[in-house]
Amino acid sequence: MSVRSLTCIECPIGCSIEVTVENGEPVSVTGNACPRGKLYAENEVICPRRVLTSTVRAENGELIPVKTDKPIKKDETFDLMKKINRVVCKLPVKIGDIIVENITEDINLIATGNAEGV
Ligand code: SF4
């Protein structure tokens, strides 16, 4: 049995959380002020996830900022970056537009910036 200390990143409060781990599984979570923190801590022990931010190239060569619309498994980052690097998106693009639907599982790649294209 071990105890892992984490800082919750689900909101700006940043609660200090301790997770007791037994055989790779979370058995208790303390320090979280809300259920989101418990879920974050459990996932962090079992399968850490993060929203991935990057850029894709538009058809005119412009770089468009993008992110996944949900957190991805951290160990998928490298493979997903390879997919993202091959994307060429059509213009115009508005914030929130889906650039690639279901780039992994049910997660979309969406624009975080606007681009008109000329
Ligand atoms: S546990 Fe809840 S209140 Fe605390 S940082 Fe996480 S989301 Fe915010």
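Fair warning: this is a prediction, and the values are worked out from it, not measured in the lab.

Draft legend 1. Spotlight on the overall build of the chain. Looking only at helices and strands, one finds two helices and ten strands in the chain. By the burial criterion, 18% of the 118 residues in the chain qualify as buried. Here the contacts in the chain between residues at least 6 apart in sequence split such that 42% fall between residues at least 24 apart.

Draft legend 2. Highlighting the confidence of the model for the chain. With 99% of its residues at a pLDDT of 70 or more, the chain has an overall mean of 95. Considering each helix and strand of the chain separately, the mean pLDDT is smallest for strand E4 (residues 49-50), with a value of 90, and largest for strand E10 (residues 107-111), with 98.

Draft legend 3. Inspection of the site of the ligand at higher detail. In the vicinity of the ligand, the contacting residues are Cys 8, Glu 10, Cys 11, Ile 13, Gly 14, Cys 15, Asn 32, Ala 33, Cys 34, Arg 36 and Gly 37. Of the residues contributing to the shell around the ligand, the split by class is six nonpolar, three polar and two charged.

Draft legend 4. Geometry of the domain arrangement of the chain. Looking at the chain, the domain boundaries give domain 1 (2-46) and domain 2 (53-111). Using only C-alpha atoms to locate each centre, domain 1 and domain 2 end up separated by 29 Å.

Draft legend 5. Inspection of the nonpolar core at higher detail. Membership of the largest hydrophobic core is limited to eleven residues, which are Val 56, Ala 58, Ile 64, Val 66, Cys 89, Val 93, Ile 99, Ile 103, Ile 107, Leu 109 and Ala 111. Looking at this core, the elements with two or more residues in it are strand E5 (53-58), strand E6 (63-68), strand E9 (98-104) and E10. When residues of this core are assigned to their parent elements, the largest contribution, three residues, is made by E10. Apart from the residues lying within four places of it in its own chain, the contact partners of Ile 64 are Thr 55, Val 56, Ala 58, Cys 89, Val 93, Ala 111, Gly 113 and Ala 115. Ranked by size, the runner-up nonpolar core spans six residues in total, among them Cys 8, Ile 17, Val 29 and Ala 41.

Draft legend 6. Spotlight on the environment of Glu 10. With respect to the element layout, Glu 10 can be found in the loop between strand E1 (2-7) and strand E2 (16-22). Glu 10 sits in the partly exposed class, given 15 other C-beta atoms within 10 Å. Residues Glu 10 and Gly 96, spaced 86 residues apart in sequence, show a C-alpha to C-alpha distance of 21 Å.

Draft legend 7. Spotlight on unusual backbone geometry. In this chain, Leu 91 is followed by Pro 92 through a cis amide linkage whose omega measures 0°. Of note, Pro 92 is situated in the loop between strand E8 (88-89) and E9. The backbone of Asn 23 shows a phi angle near 50°, a positive value even though the residue is not glycine. Structurally, the position occupied by Asn 23 is in the loop between E2 and strand E3 (25-30). A positive phi is found at Glu 105, a non-glycine position, where the angle reads about 45°.

So, how was this worked out
Residues numbered from 1 in each chain as written. Predicted model: local features only at pLDDT ≥ 70, side-chain atom pairs only at ≥ 80, totals over all residues. Helix = DSSP H or I, 4+ residues; strand = E, 2+ residues; numbered from the N terminus. Buried ≥ 20, exposed ≤ 12 C-beta atoms within 10 Å, placed from the backbone. Contact = placed C-beta atoms within 7 Å. pLDDT = per-residue confidence, 0-100. Near = placed C-beta within 6 Å. Nonpolar A, V, L, I, M, F, W, Y, C, P; charged D, E, K, R; others polar. Domains from an automatic or database assignment. Core = buried A, V, L, I, M, F, W, Y, C linked by C-beta atoms within 7 Å.

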